[in-house]
Amino acid sequence: MKITEKRKWPLMSNDSIARDDINEVVSFLSQEKIPILTNSKKVKEFEEKWSKWLGVKYTVFVNSGSSANQITMLALKELYGPGEIIVPPLTWVSDIAAVLQNEFTPVFCDINLNSLALDIKEIKKKINKKTRAIFLTHILGYNGITQELLDLCKKKKILLIEDVCESHGATFKGKKCGSFGLISNFSFYYAHHMSSIEGGVVCTNDEKIYQYARMFRSHGMVRECTNEEIRGDYIKKYNDLNPDFIFCAPAHNMRSTEINAVLGLSQLKKLNKNNKIRRDNLRIFLKNLNRKKYFTDFDQTGNSNYAFTLLLKNKDFEMRDRVEEKLREENIEFRRGMSGGGNQLMQPYLKKLFSNEYLNYPNANYVHHFGWYIGNYPDLEKDKILYLCKILNSL
Ligand SMILES: Cc1ncc(COP(=O)(O)O)c(C=O)c1O
């Protein structure tokens, strides 16, 4: 079996939003009385259902995962003040952008290869009195939480923030990632575990964070706050302002629409079932790869991958070229560098600030040069996965 033009293997199957999801949108829009389409009842319903699914008290639905990152750092700045934030070099640009744009100092720590997330040994070397938070990214469906990390955060009073944009449904000790940190972020961009076309959420158990996230989603507008005390304090303090127009911070509009929420509600119903298939697919993939040629020791405990992680066993540039040539020939889409294209410190926006600092992160650099991800979705046929392993093993 060759994967030809007809049997193309994209990063994400366009069936991720299916006919039944579209039908929900159509029936929502076909109501006799046209419903409110901006952020309203359906957004609220989605937020409640998502909180229940994740196991947290509060969710704020926004227009992207990047917006969730931005709102999270705005809330930290507002409620906890400046400081250093530990970040991985292997993450998405918006995590680092949110840290920088809110005037925190990013302190980079290398990852470990088994979870692809921040390495606790490296974190311990870099924390100090100025460390405000650890901004952990769960990479491509692997859980990045360890008991040691939770204990360290507790002992040193360091805030834990989780970026779960790539790992919906991953767990640590049976509890969902995104329910451990003070704040967690998810993305519902089309290529992820579930999609609202574009979208994201900020999740927390902390009332104050929730209220500020609500305000920051809507231009920093105090009237979005549903806590009478917080809202009342602003109104009292700024009594020469119209209470409808008090802006507590220089914020933006990051709201989503009712249509995104209707899609989100429909997709959420299928999330657990689809995650199970994705998990099974990854097991088949890693089990059938040649361990002498590829790194397969990813920690699959509690994983939930929407992509296959492919990493060369050796730092072999020729083999890297052969892999890419073969994948292109077979029409299999891939992304080198895994999450966010690899080591963020090599990107122009960080090279300007950190020059050659990227050289100090051997594991992130390893993944940057010798790692890829390939689409893993629920309707992927098993024989295709086996075929992929066969051609990779033949190189
Ligand atoms: C780890 C991580 N964080 C944040 C984001 C940003 O999400 P969005 O594309 O919805 O802005 C992504 C994007 O895919 C991501 O992978």
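Our subject is the structure that appears above.
Residues numbered from 1 in each chain as written. Predicted model: local features only at pLDDT ≥ 70, side-chain atom pairs only at ≥ 80, totals over all residues. Heavy atoms only, no water.

Undergrad: Report on the site of the ligand, specifying residues and quantitative values.
TA: The full set close to the ligand counts 15 residues, and Gly 65, Ser 66, Asp 163, Glu 166 and Ser 187 are the nearest of them. Side-chain polar atom of Ser 66 to an oxygen atom of the ligand: 2.4 Å apart, as the coordinates give it. His 192 places a polar side-chain atom, nitrogen or oxygen, 3.0 Å from an oxygen atom of the ligand. Taking 390 Å² as the accessible area of the ligand by itself, protein coverage stands at 92%. More than half of the atoms belonging to the ligand lie within 2 Å of the grid points that define the largest pocket. (Near = heavy atom within 4 Å. Polar contact = N/O pair within 3.5 Å; in protein donor to acceptor, adjacent residues only side chain to side chain. Areas by Shrake-Rupley, 256 points an atom, 1.4 Å probe, with all protein chains shown as cover. 1 Å grid on protein atoms, 1.4 Å probe; cavity = no way out; pocket = protein on both sides within 12 Å on 5 of 7 lines; lining within 4 Å. Sits in = over half its atoms within 2 Å of the grid points.)

Undergrad: Break down the sheet that holds strand 12 (residues 371-375) for me, with residues and values.
TA: Overall, antiparallel pairing links the 3 strands, which are arranged 10-12-11 in an open sheet. Both edges of this open sheet fall to strand 10 (307-311) and strand 11 (334-336), since each of them pairs with a single strand only. When the angles between neighbouring strand axes are averaged without regard to direction, this sheet yields 25°. Two elements, strand 11 and strand 12, share 3 bridges in a ladder whose sense is antiparallel. When the sheet's bridge partners are listed, Arg 336 is paired in strand 12 with Trp 372. (Pairing = 2+ DSSP bridges. Helix = DSSP H or I, 4+ residues; strand = E, 2+ residues; numbered from the N terminus. Axes fitted to C-alpha atoms, helices over the stretch in contact; angles between N-to-C directions.)

Undergrad: Now, about helix 7 (residues 207-217): what can you tell me, with residues and values included?
TA: Within helix 7, 9 of the 11 residues are buried, leaving the element largely enclosed by the surrounding structure. Along helix 7, the positions that sit buried rather than exposed are Ile 209, Tyr 210, Gln 211, Tyr 212, Ala 213, Arg 214, Met 215, Phe 216 and Arg 217. His 219, located one to two residues past helix 7, shows a positive phi value of around 55°. (Buried < 20%, exposed > 50% of the residue type's maximum accessible area, 1.4 Å probe, protein only.)

Undergrad: Let's hear about the layout of surface pockets: which residues, and what values?
TA: Approximately 490 Å³ is the volume found for the largest pocket. Contributing to the lining of the largest pocket are 28 residues, with Trp 92, Tyr 189, Ala 191, His 192 and Tyr 306 lying nearest its centre. Contributions of two or more residues to the lining of the largest pocket are made by helix 3 (65-80) and helix 4 (93-101). Ranked by the residues each element gives to the lining of the largest pocket, the list is headed by helix 3, at 3 residues. In terms of residue class, the lining of the largest pocket is built from 11 nonpolar, 11 polar and 6 charged. Together, 20 residues line the second largest pocket, and Ser 115, Asn 143, Ile 145, Thr 146 and Asp 299 are the ones closest to its centre. Among the secondary structure elements, those contributing two or more residues to the lining of the second largest pocket are helix 5 (120-126) and strand 6 (171-172). Each residue belonging to the lining of the second largest pocket can be placed in one class, and the counts come to 7 nonpolar, 10 polar and 3 charged. (Points joined across faces, edges and corners; volume = space filled by probe spheres on them. Nonpolar A, V, L, I, M, F, W, Y, C, P; charged D, E, K, R; others polar.)

Undergrad: Lay out the pairing of strand 2 (residues 84-87) in plain terms, naming residues and giving numbers.
TA: On a regular strand, one side chain projects to one face of the sheet and the next to the other, so that they alternate. Of the two faces of strand 2, the one carrying Glu 84 and Ile 86 and the one carrying Ile 85 and Val 87 are both buried. Two strands pair when backbone bridges link them, and strand 2 and strand 3 (residues 105-108) are joined in this way by 4 bridges, in the parallel orientation. Counted as the bridge partner of Ile 86 is Val 107 from strand 3. The β-α-β motif built from strand 2, the intervening helix 4 and the parallel element strand 3 has right-handed crossover chirality. Pairing between strand 2 and strand 4 (residues 131-137): 3 bridges, direction parallel. The residue bridging Ile 86 from the neighbouring strand is Ile 134, located in strand 4. (Right-handed = clockwise from strand over helix to strand, strands pointing away.)

Undergrad: Tell me what's going on with the sheet that holds strand 9 (residues 200-204), and back it up with residues and numbers.
TA: Strands sit in the order 1-9-8-5-4-2-3 across an open sheet of 7 strands; the sheet is mixed. Of all strands in the sheet, those bounded by a partner on one side alone are strand 1 (58-62) and strand 3. The average angle at which neighbouring strand axes cross in this sheet is 20°, direction not considered.

Undergrad: Hey, could you go over the environment of Tyr 387 for me, with residue numbers and the actual values?
TA: Mapped onto the elements of the fold, Tyr 387 is located in helix 13 (residues 382-393). A polar side-chain atom of Tyr 387 sits 3.0 Å from a polar atom in the side chain of Glu 330.

Undergrad: I'd like a rundown of unusual backbone geometry, residues and numbers included.
TA: At Leu 140, a residue that is not glycine, the phi angle is positive and equals roughly 45°. Relative to the elements of secondary structure, Leu 140 occurs in the loop between strand 4 and helix 6 (147-156). With a phi close to 70°, Asn 331 is a non-glycine residue in the positive phi region. Tracing the sequence through the fold places Asn 331 in the loop between helix 10 (317-329) and strand 11. For Asn 331, a relative accessible area of 22% puts it in the partly exposed group.

Undergrad: For the packing of aromatic side chains, give the residues involved together with the corresponding values.
TA: Counted according to the given criterion, the structure contains 20 aromatic pairs. Plain terms: the ring middles of Phe 46 and Trp 50 are 6.0 Å apart, the flat faces sit at 25° to each other, and that makes the pair stacked. Of this pair, Phe 46 and Trp 50 are both found in helix 2 (residues 41-54), 4 residues apart, which corresponds to roughly one turn of the helix. By the burial criterion, Phe 46 is buried, and Trp 50 matches it. Judged by centre distance (4.5 Å) and plane angle (15°), the ring pair of Tyr 58 and Tyr 210 falls under stacked. Taken together, the residues span a long stretch of sequence, with Tyr 58 in strand 1 and Tyr 210 in helix 7 at a distance of 152 residues. Comparing Tyr 58 with Tyr 210 shows no difference in burial state: the two are buried. Above the plane of the ring of Trp 53 lies Lys 176, whose end atom (NZ or CZ) is 4.4 Å from the centre. (Phe/Tyr/Trp six-rings, centres within 6.5 Å; stacked < 30°, edge-to-face > 60°. Lys NZ or Arg CZ within 6 Å of the ring centre and 35° of its normal.)

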